[in-house]
Amino acid sequence: MTLKHLLGGVLIAAVAIAVIGQSNAYLVYVLSMAGLTAVVGIGLNILVGLTGQISLGHVGFYAIGAYTVGILTVSHGISFWLALPLGGVLAGLTGALVSIPALRVRGPYLAMVTIAFGFIVEQGAAEMEGLTGGWNGILGIMPPVLFGTMFGPTEIAYLVLVLMLAALAFYTLFSASPWGKALRALRDSEVAAQSIGFNPVLLRCAAFAVSAVFAGLAGGVYAAMSGFISPESFPFFESIMFLLVVMIGGADTILGPVIGAFLIVLLPEAFSWLAEYRLLLVAALLLVVLRLAPGGIVGAVTGLLPAAKARTATAAAVEVAPSSARPLVVDAIAITFGGVKAVQGVSFRAEPGKVTSIIGPNGAGKTTALNIVAGYYSPDKGNVRLGDTDLTGRRSHRVARAGIARTYQTTQLFEHMSVIDNLMIAMKHGRVGGVETVLPLATTARRRRAEALLAFTGYSGDVERTAGTLPHVDKRLVEIARALAFRPDVVLLDEPAAGLSEDDTQRVGTLLKRLADEGLTIVLIEHDMPLVMGISDHILVLDQGVKIAEGTPAAIRENPAVLKAYLGEGASAVRRAAPAKVPGDVTLMVANLSASYGASEVLRGIDLKVSKGELVAVLGANGAGKSTLMRALSGLHRPVGGQIQLAGDHLEGESADRIARRGLVLVPEGRQVFGQLSVVQNIKLGAYGRPPADLSAAVDEMLTRFPRLRERQNQPAGLLSGGEQQMLAIARGLIARPTVLLLDEPSLGLAPKLIEELYAILAALRDDGATILLVDQMADMALSIADRAYVLSGGVFVASGTPDAVRASHTLEDAYLGAAS
Amino acid sequence: MLILSALVTGLGLGAMYGLLALGFYVTYVVSNTVNFAQGSTMMLGAVVTFSVWVTFGLPVPLAILAGLFASTLWGLVVERVAVRPFVRRGSEAWLMATVALGLLIDNIVLFTFGRDPRGMPPTPLTSSTFQLFGLNVQPQQVLIPVVGLTLAVLLTLFFRRTRHGLAMMAVVQNQAAARLMGINVSMVVSGAFALSGFFAGVAGILIAPLFTVSSTMGTMFGIKAFAVAILGGITNPWGVMCAGLLYGIAEALITALFGSTYTQISTFGLVIVALALRPDGLFGTREVKKV
Amino acid sequence: MRSFIRTRMLTALAGVGIAALSAGLAAAADPIKIGHVAALSGASAQSGEAITRGLMVAIDEINAAGGLLDGRMLELVQRDDESRPPRGLIAARELIFNEEVTAFFGGIDSPVGLAIVPLANQTETPFIAVWAAATGITRNGADPNFVFRVSAIDALVDVKLIDYANTKFGASKVGLMLINNPWGESNERGLTAADDANDAVEIVGIETFENADVDMTPQLTRLRDAGAEAIILVTNTPPGAQMMKSRERMGWDAPVVSHWGIAGGRFPELAGPTAPDAHFIQTYSFHGEQGPVGEKVISMLAEKYDDVEDAGDIMAPVGTANAYDAMHLLALAITQAGSTDGDAIRQALEDLDGTYEGLIKTYEKPFSAENHDALGPDDYIMVHYEGDEVVPTE
């Protein structure tokens, strides 16, 4: 809480006191109602704003507070001042109880649990006649008495004001405290919050309970203020109003619920002369506000304010690694998903001060292995140890607390938090205590260390910037800095160079090397071979879930098994029988195409031509931009610039479904069959955009071309083997009689024998005159059937020509395994 | 006897909850959104049918068509006005926006149709009764589950057998791949909301002869139907229909056996317990998370 | 553009806030303001409209005759309570403090009425209930008591209902069908008390139902199995009609004796062919032979409202009749008090000079310090529907 906040509080108090002094009894009552609604809203904001959960049952907690005060003061003569806190506590306990089923469910399921809770409280109050007075409610609840004076409407208004200011102060402190930040972290990325040691169950339960306490206290004051409560005082509709208060005012803002509450309560009063047309107007207004001010009113206003001054990190000496980091020992781990052996008996040992890399083609099981180490999956067999500590089967937040930090393939920053908060919350090691609800997370020591770490990683931007708005490379750096802030022994990195430019990749490489030099245990999964070869001390090669090689970079580069796993082996049987024909007309022409994800450019100035009846292959390592090229051509990813022409028609900027209907049909990476639909239904769907004259004949033709599919024509596609699914995906593309068929990584994750079968089919298609653009990691295979090929590396074509010419250029080995340095 | 009559009551109402809940299902699976004010759509179907039939004196089939048309159209309007703009910017405010839109139509109907609840004129389906195991039953009571189950079967056939139905299923399972098949995903989402409105309209028109027609008639049905959809595991059409029947029967049985005092508390309590034990609904399946 | 709209919106919202605040400073002008807090929207909206019409017709008459207190006109200020007590409480506060009404009328919902009672007594503003029948509204223990009623009172109605079931239909065992809300609950108490006092009748079952219940066969089956020979019904028209339809479907012919909730809102249309089986209590019927006041009110209603042509078009007649008489009684009290002071009006009401020939009856000292109910058991009549006509059964 800063001076600014204190001044704001004083200002609110001054305005409120002035207004209350000027108001008649009606207005004072309405203002008090607004104040109480604000208190509920501030509490609900903890749930909605900080944890991102929705409750449509908060009126239930409000009612519990109100009934506690009503029953205790009227029937038992207990003082209001004792009954009120009891009401808050009771609501809080109920909140914790309700959160138990609520924690297991999400989205609409959660909404339903809270709705049901609200109804049960309303109905329960009506039926427990002895306690609650049933439908007639409790009459004659006396206003509180203090120092012998009974509160009138004005005194109650001041009481409400005090309660509201206290709620605001608590929220302000709580929101800046480790609790508040941890809840936001959980909201932005549950996975990442767990990986810095937070227990989501505990945090959510606490948020629910605290939020309920606010509603309970407000309800208690309401009972004393109105002097009368009945089940009809707490209808379901009120819960919706509470939620609206937060959304209209602005979730995750301090003043949002206050402004929302005063609007929602005062606005209808201002229009009271409309009598029965009031609800109509309120509904219309709501719709307008929701449309025009998505971040709520406070969000809209802050959007207009000038941004705060940028602040860059101050570099300082910082201890990155513990004095003696422990090694990570993985022993024969194995896991099976639905019959697929994703990882089988993989063992390795990652030493402190060394970079240990895991490489392998797509689908080799690298990320799965990493997930087992991080505790996200529990292995079927084998174990994971950090030094002497056995971590096998521990939940991920416990693994993290033991000393393992990680980064993700797609960065998992806490996107709506500032860069420095991302780091400081990691320093909590997943532990937040009771007192810390009101202590700020940002201490001088933490701030200094966080800035030092940011400077260490080379992040030079604004430390107060919202993490989600950072350029890609900065996200990577901040994510690594966050992992360091956690003070781990081991850092697991999943493709930190993905989507980075060559220069930025080098920066990251240097940083990782420095981290190892500081004594950390670094485990790296990466496709960028120059990076892997450049910084690794030890490399592990996985293929189809099995470790096929291990050793130094030099040894791995020479290893024939590794080359085979990456490039595959070409079979001569599928070469085109006749010598390459004279190329026909150009069917697909791509000129100067570029594409990017966020700020990182993935494709630069691609020129490509495919002629009628030609089979053209695009080769390149993972991350070279092959799939992006396919996605850009098919309209799934909108290119930044350039032209795409199909038979003379411009396609750039068209939507994917229109492009497909024009005849440029993609068989996507990973098959993407519709798993719950049958084989025949999948094939029929392929014809959706370009229906043939006789659909069943066309389907039959496909089943004839792929006899294995005929055998399983009525089975759900999800039950087919990988190879069969690939054939189905191709059949689904072919039935649209595409002008050009795009094939993205058809051999991915298939056994060698199946790959050969698949390529025989592709060769047959080629011989039947189909026009095909093929992208595959299996370079030798692809070259063996292609008429022409392009080699893609770092987003540009580095070679092109006939298969023999491409082979002779030796660009392939460099593209796949990195140039020998 | 008591139990038998509760079963007949429960089946009729349950099938209607199921129909409304199917409306939640179709939009949720293709777009992860629902019209939270589904009860208002149902009301619109009944009110328009009543007005065309009684107020304007046109033939019944025409009135039913008009009611279905209105509710279907309203489904489209809801998607355009209260869902699409919010989904576009990744906001969850569609939930509140559909509630607001429901409130709006409720009040518009209040001022145009009138404050007075109205009763559908008797038809042979409501003015006669027949004996079933010694129980007096109106044909309309049987008609609701028959139409409900028929529509559920037709929906299944539509999904399995027709071109557009398959396209919808494709969108449900994999949006990107569906686009690659030439399927216009936003059209499919619109279609789902239209279908959802249609189901609500059918439910409204079916229940109207047994109930009263007014601007507020759908509110409670809408909430119960949402409970049913969630209970059934909103991603499974037969689960949703079964949950509807179960909910209706549970309501009637609890009333018949233990008296009406605790019906609402028990049914909503059961919903919470069921979700605590099976977080994805009775018939739902867990979506697999990936890192 | 976007931010421009936002700025505009914010300015507008700020303006609204200021308007709400300054409304408090508005002073009462020349006319005498009469308040009305009732359900103007939602399921009970019809009742609010009926009261409005009764009040308006009476006000038109008074204003046409030159107003009150040397030519001050009466002005009706209405607020919607949405049938919810908290809303009604806020609306009443607004009428009292902002509009500074001289007195105000209440609507159909007893819970709203009960919630308003303490406020009326605190602020010394006469509050006249013209529909809500809960006993505690007038018998609220306050002294002085500013709450009056020109309507039936549950405690007495319940005695009448139990007695009628026995004397008219010879039922010795009755089953109760009550709406699950405060009104139903209040009558459950009243009916049980009435039953205790009446040796000829025994209550064999008490069932409740919700406003939105479609099928009440389970509840009715329980009552039939318990041996009920007549059904005592307390609810409003829509659920009441649902009860009649369920009863018809079961083929049960036990007579129905009902509180007056089913009087308004097209009960015959909603309940169907068995509607005449329900006998219910009324304070007034516009059907049948009318006195001069009745003829006058019907013609004034027909003149003022397009949808009224004859007695059959008067929806929820109780509200209109009670409100009409209550407004005239209030006007007499204001004249007698000679001022718009709340306490003076209260004293005048408690001791009205002369007689007033009203719609329901001729009033002679309708209120006293002890009795704030203008109508008693002698003024209740039992009626039932014959077609759309409400016809007395006694």
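These numbers come from a predicted model, not from an experiment.

## A word on the overall build of chain A
Right, on to step 1. Of regular secondary structure, chain A possesses 33 helices and 24 strands.
Right, on to step 2. The principal-axis extents of the C-alpha atoms in chain A amount to approximately 105 × 70 × 50 Å.
Right, on to step 3. Classification of the 821 residues of chain A by burial places 61% in the buried group.
Right, on to step 4. Pairs at least 24 residues apart make up 74% of the contacts formed inside chain A by residues separated by at least 6 positions.
Right, on to step 5. Taken as a whole, chain A presents about 29500 Å² of accessible surface, with 58% of it coming from carbon and sulfur.
Right, on to step 6. Side chains of chain A give 65 positive and 66 negative charges; the mean places of these two sets differ by 2 Å.

## Considering a positive patch on the surface
All names here are of chain A.
Right, on to step 1. A cluster of basic residues, R394, R395, R398 and R431, forms a positive patch at the surface.
Right, on to step 2. Relative to the helices and strands, R398 resides in helix α16 (residues 396–403).
Right, on to step 3. By relative accessible area, R398 is classed as partly exposed at 44%.

## Things to note about the environment of V791 of chain A
Residue and element names in this part refer to chain A.
Right, on to step 1. With respect to the element layout, V791 can be found in strand β23 (residues 788–793).
Right, on to step 2. Classification of V791 as buried rests on a relative accessible area of 0%.
Right, on to step 3. For V791 and T811, which are 20 residues apart along the polypeptide, the C-alpha to C-alpha distance reads 7.5 Å.
Right, on to step 4. If sequence neighbours within four positions are ignored, V791 has contacts with L619, V796, F797, V798, A799, V806, T811, L812 and A815.

## Some remarks on unusual backbone geometry
Right, on to step 1. The amide bond that connects D143 of chain C to the next residue, P144 of chain C, takes the cis arrangement and shows omega of 0°.
Right, on to step 2. On the secondary structure map, P144 of chain C appears in the loop between α5 (135–138) and β5 (147–149).
Right, on to step 3. Positioned with a positive phi, E495 of chain A is a non-glycine residue whose angle comes to about 50°.
Right, on to step 4. Within the secondary structure, E495 of chain A is located in the loop between β11 (490–494) and α20 (502–517).
Right, on to step 5. On the accessibility criterion, E495 of chain A (9% relative accessible area) is buried.

## A short note on the interface of chain B and chain A
Right, on to step 1. In this complex, chain B contributes 62 residues to the contact, which on the side of chain A involves 62 residues.
Right, on to step 2. For the pair chain B and chain A, the two sides together bury roughly 5700 Å², of which 73% comes from carbon and sulfur.
Right, on to step 3. The tally of links between chain B and chain A comes to zero salt bridges.
Right, on to step 4. Our count for the contact surface shared by chain B and chain A stands at eleven residue pairs in polar contact (both at pLDDT 80 or more).
Right, on to step 5. Contributing elements (two or more residues each) for the side of chain B that touches chain A: α3 (60–88), α4 (94–113), α7 (163–173), α8 (175–180), α10 (219–231) and α12 (263–277) of chain B.
Right, on to step 6. Among the elements that line the side of chain B that touches chain A, the one with the most residues is α4 of chain B, at eleven residues.
Right, on to step 7. Residue classes in the side of chain B that touches chain A are distributed as 42 nonpolar, eleven polar and nine charged.

## Let's talk about the sheet that holds strand β14 (residues 389–392) of chain C
Residue and element names in this part refer to chain C.
Right, on to step 1. With mixed pairing, seven strands are arranged side by side in an open sheet as β7-β6-β8-β9-β10-β13-β14. Only two strands of the sheet have a single partner each, and these edge strands are β7 (202–209) and β14. For this sheet, the mean inter-axis angle between neighbouring strands, taken without regard to orientation, is 30°.
Right, on to step 2. As judged from the five bridges shared by strand β6 (residues 173–179) and strand β8 (residues 230–234), these two strands associate in the parallel manner. Paired with V174 across the strands is A230, a residue of β8.

## Considering the nonpolar core
Right, on to step 1. With 315 residues, the main nonpolar core has L56, L588 and L633 of chain A together with I207 of chain B as its most contacted residues.
Right, on to step 2. No other element matches the 17 residues that helix α2 (residues 25–50) of chain A contributes to this core.
Right, on to step 3. Residues in contact with L588 of chain A, not counting those within four places in the same chain, are L608, K609, V610, L633, I644, Q645, L646, L664, V740 and L773 of chain A.
Right, on to step 4. Counting 105 residues, the second largest nonpolar core, distinct from the first, contains F148, L223, V256 and A275 of chain C.

## Section: the interface of chain C and chain B
Quoted interface sizes are often the accessible area lost when the parts come together.
Right, on to step 1. Of the residues lining the interface, 32 residues belong to chain C; the matching set on chain B comes to 33 residues.
Right, on to step 2. With its nearest N and O atoms 2.8 Å apart, the salt bridge here joins R118 of chain B to E269 of chain C.
Right, on to step 3. Between the two partners, chain C and chain B, sit nine residue pairs in polar contact (both at pLDDT 80 or more).
Right, on to step 4. Listed by contribution, the elements that provide at least two residues to the side of chain C that touches chain B are α2 (45–64), β7, α8 (217–225), α9 (237–250) and α10 (267–271) of chain C.

## Quick look at the domain arrangement of chain A
Right, on to step 1. Examined at the domain level, chain A breaks down into domain 1 (32–296), domain 2 (328–430 + 440–566) and domain 3 (575–663 + 738–817).
Right, on to step 2. If you average the C-alpha positions of domain 1 of chain A and of domain 3 of chain A, the two centres end up 58 Å apart.

## Side note on a nonpolar patch on the surface
Residues and elements named next belong to chain B.
Right, on to step 1. Residues F130, L132, F133, V142 and V146 make up a contiguous nonpolar surface patch of about 450 Å² in total accessible area.
Right, on to step 2. Looking at the nonpolar patch, the elements with two or more residues in it are β1 (130–132) and α6 (139–161).
Right, on to step 3. Here F130 shows up in strand β1.
Right, on to step 4. Judged by its relative accessible area of 33%, F130 falls in the partly exposed class.

## Points about a negative patch on the surface
Right, on to step 1. A grouping of E309, D310, E386, D388 and E389 of chain C is seen on the molecular surface, where their side chains present a negatively charged patch.
Right, on to step 2. Tracing the backbone through its elements, the reader meets E386 of chain C in strand β13 (residues 381–386).

## A closer look at the packing of α2 of chain C against helix α12 (residues 317–337) of chain C
Residue and element names in this part refer to chain C.
Right, on to step 1. For the pair α2 and α12, interaxial distance at closest approach is 7 Å and the crossing angle is 35°. Crossing of α2 over α12 shows right-handed handedness. In this structure, α2 contributes A50, I51, R53, G54, L55, V57, A58, I59, E61 and I62 to the contact, and α12 contributes G319, T320, A323, Y324, M327, H328 and A331.

## A word on the sheet that holds strand β10 (residues 404–406) of chain A
Residue and element names in this part refer to chain A.
Right, on to step 1. Strand order in this open sheet of six strands is β10-β11-β12-β7-β13-β14, and the pairing throughout is mixed. Strands with a single pairing partner mark the edges of an open sheet, and in this sheet they are β10 and β14 (546–551). Shown here is a sheet whose adjacent strand axes are inclined to one another by a mean of 20°, direction ignored.
Right, on to step 2. Note: strand β7 (residues 355–359) against strand β12 (residues 521–525), four bridges, orientation parallel. Among the inter-strand pairings, T356 is bridged to a residue of β12, identified as V523.
Right, on to step 3. In this fold α16 packs onto β10 and β11, with an angle of close to 110° to the strand it touches most, β10.
Right, on to step 4. Set on the sheet, α20 makes contact with β7, β11 and β12; between it and β12 the angle comes to about 150°.

Rules used throughout
Residues numbered from 1 in each chain as written. Chains lettered and ligands numbered in written order. Predicted model: local features only at pLDDT ≥ 70, side-chain atom pairs only at ≥ 80, totals over all residues. Heavy atoms only, no water. Helix = DSSP H or I, 4+ residues; strand = E, 2+ residues; numbered from the N terminus. Buried < 20%, exposed > 50% of the residue type's maximum accessible area, 1.4 Å probe, protein only. Contact = heavy atoms within 4.5 Å. Areas by Shrake-Rupley, 256 points an atom, 1.4 Å probe, with all protein chains shown as cover. Lys, Arg positive; Asp, Glu negative; His and termini not counted. Charge placed at Lys NZ, Arg CZ, Asp CG, Glu CD. Patch = residues over 30% accessible without salt bridge, like charges linked within 9 Å, V, L, I, M, F, W, Y side chains within 5 Å. Salt bridge = Lys/Arg side-chain N within 4 Å of Asp/Glu carboxyl O. Buried area = accessible area lost by both parts, 1.4 Å probe. Polar contact = N/O pair within 3.5 Å; in protein donor to acceptor, adjacent residues only side chain to side chain. Nonpolar A, V, L, I, M, F, W, Y, C, P; charged D, E, K, R; others polar. Pairing = 2+ DSSP bridges. Axes fitted to C-alpha atoms, helices over the stretch in contact; angles between N-to-C directions. Core = buried A, V, L, I, M, F, W, Y, C linked by side-chain atoms within 4.5 Å. Domains from an automatic or database assignment. Left-handed = near helix turned anticlockwise from the far one by under 90°.

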